[in-house]
Amino acid sequence: MVLEDPKKNHLIAALPESEWQRWKPQLEPVEMKLGQVLYESGDTMRYVYFPTTAIVSLLYVMADGASAEIAVVGNEGLVGVSLFMGGESTPGRAVVQSEGGGCRLPAATLKEEFKRAPVQHLLLRYTQAMISQMAQTAACNRHHSLDQQLCRWLLLSLDRLHGDKLVMTQELISNMLGVRREGVTDAALKLQRAGLIEYRRGRITVLNRVGLEERSCECYAVVKKEYDRLLPARGAT
């Protein structure tokens with residue numbers, strides 16, 4: 001396994017030096033495989049995860065097994081917000097949507113660190129950004145077309161990747177968007193016919209990002225603006 005630099009994660013990169021030195025010995029590198037479940041609904045959280053090159057999808061799972069994505073996390077954030085917001089477990093599922101690397105920190109360590117003002121302020125700003133993403137996703141899923149939702153999802157994923165290629169299974173995409181596989185295929189083929197992406201059995205290459213932004217609803221821009229406003233730039237302290 002290739003060890004990732006933890007500071008490829010923007011939250012970790014934004015830690016003041018004293019906090020970084022405390023965290024450094026306890027950060028454990030992890031490899032995140034496509035489709036790997038980091039948390040299941042109701043699980044007690046033993047770690048929080050900081051993706052560096054992986055992307056993780058947070059899903060709400062219904063009683064009948066149906067699911068839909070409520071947020072996406074990449075190198076801008078962490079997986080495990082419930083832990084420092086007063087809960088010991090998560091109400092949803094966290095699944096790797098794009099494999100890559102990251103690191104994890106013991107839950108007990110993060111709870112102690114959250115008592116320190118610099119860490120608390122940083123993580124609360126991130127939580128506010130994530131709540132905004134969740135709210136916008138709910139509105140988007142209710143009011144916008146499937147191909148607009150797919151554009152939003154692709155753009156959010158691209159912002160968290162190095163490159164223009166996503167390796168996804170149809171099942172994962174359909175679970176995230178809360179639609180049937182046939183719906184994903186139809187929406188992806190529409191974007192392919194428009195020259196925006198190349199789509200082959202869950203392997204998506206973005207050919208025209210500007211075109212995706214123009215075709216997307218306003219939801220992507222709203223979420224991106226809020227993350228840019230609340231979170232530090234790469235490498236900021």
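This one's a predicted model, so the numbers in the text were calculated from it and none came from an experiment. (Residues numbered from 1 in each chain as written. Predicted model: local features only at pLDDT ≥ 70, side-chain atom pairs only at ≥ 80, totals over all residues. Heavy atoms only, no water.)

**Concerning the sheet that holds strand 8 (residues 165–167)**
Turning to step 1, where the next piece is worked out: Judged by pairing direction, the sheet is antiparallel, and its three strands sit side by side in the order 8-10-9 without closing on themselves. Whereas interior strands pair on both sides, the edge strands pair on one side only; in this sheet they are strand 8 and strand 9 (197–200). The sheet shows a mean angle of 10° between the axes of neighbouring strands, taken without regard to direction.
Turning to step 2, where the next piece is worked out: Where strand 8 meets strand 10 (residues 203–206), three bridges bridge the pair, whose relative direction is antiparallel. Along strand 10, the bridge assignment pairs Val167 with Arg203.
Turning to step 3, where the next piece is worked out: On top of the sheet, helix 6 (residues 146–158) reaches strand 8, strand 9 and strand 10; it is set at about 105° to strand 8, its chief contact. (Pairing = 2+ DSSP bridges. Helix = DSSP H or I, 4+ residues; strand = E, 2+ residues; numbered from the N terminus. Axes fitted to C-alpha atoms, helices over the stretch in contact; angles between N-to-C directions. Contact = heavy atoms within 4.5 Å.)

**Points about the nonpolar core**
Turning to step 1, where the next piece is worked out: With 71 residues, the main nonpolar core has Trp23, Tyr126, Leu154, Leu166, Ile197 and Leu212 as its most contacted residues.
Turning to step 2, where the next piece is worked out: It is helix 6 that provides the largest number of residues to this core, a total of seven residues.
Turning to step 3, where the next piece is worked out: Excluding its chain neighbours within four sequence positions, the residues that come into contact with Tyr126 are Leu11, Val73, Glu76, Gly77, Leu78, Val81, Tyr227 and Leu231. (Core = buried A, V, L, I, M, F, W, Y, C linked by side-chain atoms within 4.5 Å. Buried < 20%, exposed > 50% of the residue type's maximum accessible area, 1.4 Å probe, protein only.)

**Remarks on the sheet that holds strand 4 (residues 55–61)**
Remark on secondary structure: sheet strands pair via backbone hydrogen bonds, oriented parallel or antiparallel.
Turning to step 1, where the next piece is worked out: Taken together, four strands build an open sheet; the order of strands is 2-6-4-5 and the sheet is antiparallel. Where the open sheet ends on each side, the last strands, each with one partner, are strand 2 (37–39) and strand 5 (67–73). With strand direction ignored, the average angle separating the axes of adjacent strands in the sheet is 35°.
Turning to step 2, where the next piece is worked out: Note: strand 4 against strand 6 (residues 93–98), five bridges, orientation antiparallel. By the bridge assignment, Ile55 is partnered in strand 6 with Ser98.
Turning to step 3, where the next piece is worked out: In the packing of helix 5 (residues 117–143) onto the sheet, the strands contacted are strand 4 and strand 5, and the crossing angle to strand 5 comes to about 145°.

**Structural notes on the pattern of salt bridges**
Turning to step 1, where the next piece is worked out: With the rule as written, the count across this model stands at 15 salt bridges.
Turning to step 2, where the next piece is worked out: With a closest N to O distance of 2.7 Å, Arg209 and Asp159 form a salt bridge. Of this pair, Arg209 sits in helix 9 (residues 209–215) while Asp159 sits in the loop between helix 6 and strand 8; the two residues are 50 residues apart in sequence, bridging distant segments of the chain.
Turning to step 3, where the next piece is worked out: When the shortest N-O distance is used, the salt bridge between Glu198 and Arg200 registers 3.1 Å.
Turning to step 4, where the next piece is worked out: Residues joined in a network through salt bridges with shared partners are Glu19, Arg22, Glu113 and Arg116. (Salt bridge = Lys/Arg side-chain N within 4 Å of Asp/Glu carboxyl O.)

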